[in-house]
Amino acid sequence: MMEKSKTIFGNTMTEATYKKALKSKKKYAKKFGDDANVSYPVEIEKNQHIGELLGVMDVRLKEGADAQNVADGFDTEKGIIVGNIRMGFGHYRISMAIASAAKALGYTPYWMDLNSYKQTTCTKVISAQNELYSLGSRLSGKSRLFNHFVWEPMNYEGFRKLTYNASDQKNAELMAPVYRNVPHEIPVVATHVWPAQAAIHAGMKHVVNAIPDNWPMALHLAEGSIHTVQTHYAYQGYRILNGMQGKDVLHPMPADDLVYTGHYIDHELVSNIEIDCDARKARKAAGEPMRFLLTIGGAGAQKEIFAAIIKHLLPAIKDNQAALYVNVGDYRNVWEELLNEIPELAKVASEHFNDWDETQKFAKEALTGKVSGVHGFWHENIFEAVYCTNLLMRSCDVLVTKPSELAFYPVPKLFIKRVGGHEQWGAIHAAEIGDGTLECRDIPHTIQMLELFLNEECMLADMCDCIVKNKAAGIYDGAYRVVELAMKMR
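Residues numbered from 1 in each chain as written. Predicted model: local features only at pLDDT ≥ 70, side-chain atom pairs only at ≥ 80, totals over all residues. Heavy atoms only, no water.

**Q** Outline the overall build of the protein, supporting the account with residue identities and numerical values.
**A** A tally of regular secondary structure across the protein gives 19 helices and 18 strands. A globule of 490 residues ought to have a C-alpha radius of gyration of about 23 Å, and the protein, at 22 Å, matches this closely. For the protein, the C-alpha atoms occupy an extent of roughly 65 × 50 × 45 Å along the three principal directions. Contacts in the protein between residues far apart in sequence, at least 24 positions, make up 72% of those at least 6 positions apart. Element-wise, carbon and sulfur atoms account for 52% of the exposed surface of the protein, whose accessible area totals about 19300 Å². Side-chain charges of the protein comprise 53 positive and 59 negative groups, with the mean position of each set lying 5 Å from the other. (Helix = DSSP H or I, 4+ residues; strand = E, 2+ residues; numbered from the N terminus. Rg over C-alpha atoms; globule rule 2.2 N^0.38 Å. Contact = heavy atoms within 4.5 Å. Areas by Shrake-Rupley, 256 points an atom, 1.4 Å probe, with all protein chains shown as cover. Lys, Arg positive; Asp, Glu negative; His and termini not counted. Charge placed at Lys NZ, Arg CZ, Asp CG, Glu CD.)

Given below as structure tokens:
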């Protein structure tokens, strides 16, 4: 197994850092076991939820004495592995964008969620860290002190350090066995760093590490892969490993290891940008209800902000000046809590719950039809929970979201307060290219921005025009470029 924790892009770690990395791996191995010598047979089956939409084939690991390996079922000429984890919704959504682009380009996307193989040490390690991250997200929304002194510094500076990457690389050695029976010549696009690191440790030959954030952090480094970024700001920060070891000037990443691609966006969204933006402006000019899409993330963070938005919009909804989509993902309890907090919501809300065919039908009809009132969406399955937002995005006028992975999507966006300091740079980038607002860091400023969208034409029209111009400049072509880059590595 390759040693990735002593030297990172030519920058030598201290002996104390290396010992800490070894200790971290030992701790997880002691707690969850080490299956380095286990051979998990693989099987392939069509994803039941987004298989038709995005051409996704699931890669599953089997166990038991009678388990047969079916690695021969992979298309080694046209296949591409999308390696991901479920940690919130963001990494799944980026994976769906990569899969969508792969299908559009004529390739077969194989879905590998390293957080879904419950029998493996890999999944146990990831799940433990995911639980901690989700807890931190929830606490940051409830406690200003925790957010200020723990969560913001950890997300902003803690994950930024090369020392953090050294430990992550050592932990990722425990994740490598999941790739053992996957043909090593198939390209891997990882939408979280752990699937990229694990793939490198496992000997996968062609690995692309699709970095999600606009704030350069050593957390996202997987040396041995090609790193892709969505912005030029991120490119410069990663190239020089900016601030990743205090004020030290570090050895830069080699030019061949880093590529600017643009935003990772689904083919279905990119190919319809002009149509959807024209429809938004036409609805505004005709005085139709302005459609706001509220998407609440996996941790259910910031529910109080969404509750304030709904309360403020209800009079406009009743007067047919606004309409509302609310996607609570796979967290039905969030919807129930909103109903309890806002009793009048139930009087105007239609529930679209756990019926994927009906959700797709609604999203399709909303592209050209009329929409009024409030529409709540909940799906028990994670694929449906995440992709519901993508389906609704085309027919909405304004997406209301924290500035995470959705900051890069080609739809007018109103940004509420971030969760973690790194996310603010997504809002800054969106404001600079004209397809999103500044980050509204409190409820009064969020309400102010809502009013501007409702009562003026310029905010929406300007964002729509910028989105069309950005498309012409290739800013939203990142998913296509990532797939093409991965396939050219073969």
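Right, picking up where we left off after that structure.
**Q** Residues and numbers for the packing of aromatic side chains, please.
**A** Taken as a whole, this structure holds 13 aromatic pairs when the rule is applied. With a centroid separation of 6.3 Å and 90° between ring planes, the pair formed by Tyr325 and Phe377 is classed as edge-to-face. One end of the pair, Tyr325, is in strand 13 (residues 322-327); the other, Phe377, is in strand 15 (residues 373-378), with 52 residues separating them in the sequence. Under the relative-accessibility criterion, Tyr325 is labelled buried at 1%. Ring centres of Trp335 and Phe353 lie 6.1 Å apart, and the angle between their planes is 80°; on these two criteria the pair is classed as edge-to-face. In this pair, Trp335 is assigned in helix 12 (residues 332-341) and Phe353 in strand 14 (residues 349-353), connecting sequence segments 18 residues apart. You can call Trp335 buried: its relative accessible area is 0%. It is Lys6 that lies over the ring of Tyr18; its NZ or CZ is 4.8 Å from the centre. Over the ring of Trp378 we find Arg332; its NZ or CZ atom is 5.2 Å from the centre of that ring. (Phe/Tyr/Trp six-rings, centres within 6.5 Å; stacked < 30°, edge-to-face > 60°. Buried < 20%, exposed > 50% of the residue type's maximum accessible area, 1.4 Å probe, protein only. Lys NZ or Arg CZ within 6 Å of the ring centre and 35° of its normal.)

**Q** With reference to specific residues and values, describe the sheet that holds strand 11 (residues 258-260).
**A** Ordered in space as 3-4-6-5-7-8-9-11, the eight strands form an open sheet in which the pairing is mixed. The sheet terminates laterally at strand 3 (42-46) and strand 11, the two strands that pair on one side only. On average, adjacent strands in this sheet sit at an angle of 25° to one another, irrespective of strand direction. With three bridges connecting them, strand 7 (residues 188-190) and strand 8 (residues 207-210) associate as parallel partners. In the sheet register, Val188 faces strand 8, and the bridge partner there is Val207. (Pairing = 2+ DSSP bridges. Axes fitted to C-alpha atoms, helices over the stretch in contact; angles between N-to-C directions.)

**Q** Requested: an account of the nonpolar core, with residues and values cited.
**A** Core analysis: the biggest nonpolar cluster contains 96 residues, and Phe292 and Val326 have the highest contact counts within it. Among the elements that make up this core, the one with the highest residue count is helix 11 (residues 303-318) (nine residues). Not counting residues up to four positions away in its chain, the partners in contact with Val326 are Leu294, Ile296, Ile310, Trp335, Leu338, Val374, His375, Gly376 and Phe377. Core analysis: the second largest hydrophobic core is formed by 43 residues, Phe32, Phe74, Tyr110 and Val188 among them. (Core = buried A, V, L, I, M, F, W, Y, C linked by side-chain atoms within 4.5 Å.)

**Q** Describe helix 6 (residues 162-172), with residues and values.
**A** Counting buried residues in helix 6 gives nine out of eleven residues, a clear majority hidden from the surface. The complete set of buried residues in helix 6 reads Leu162, Asn165, Ala166, Ser167, Asp168, Gln169, Lys170, Asn171 and Ala172. Against strand 1 (7-8), strand 2 (11-12), helix 1 (15-32), helix 4 (121-142), helix 7 (193-202) and strand 10 (244-247) lie the buried residues of helix 6.

**Q** I'd like a description of unusual backbone geometry, backed by residues and values.
**A** Backbone geometry at Leu241 places phi at a positive 50°, although glycine is not the residue there. Backbone geometry places Asn354, a non-glycine residue, at a positive phi of 60°. Within the secondary structure, Asn354 is located in the loop between strand 14 and helix 14 (356-366).

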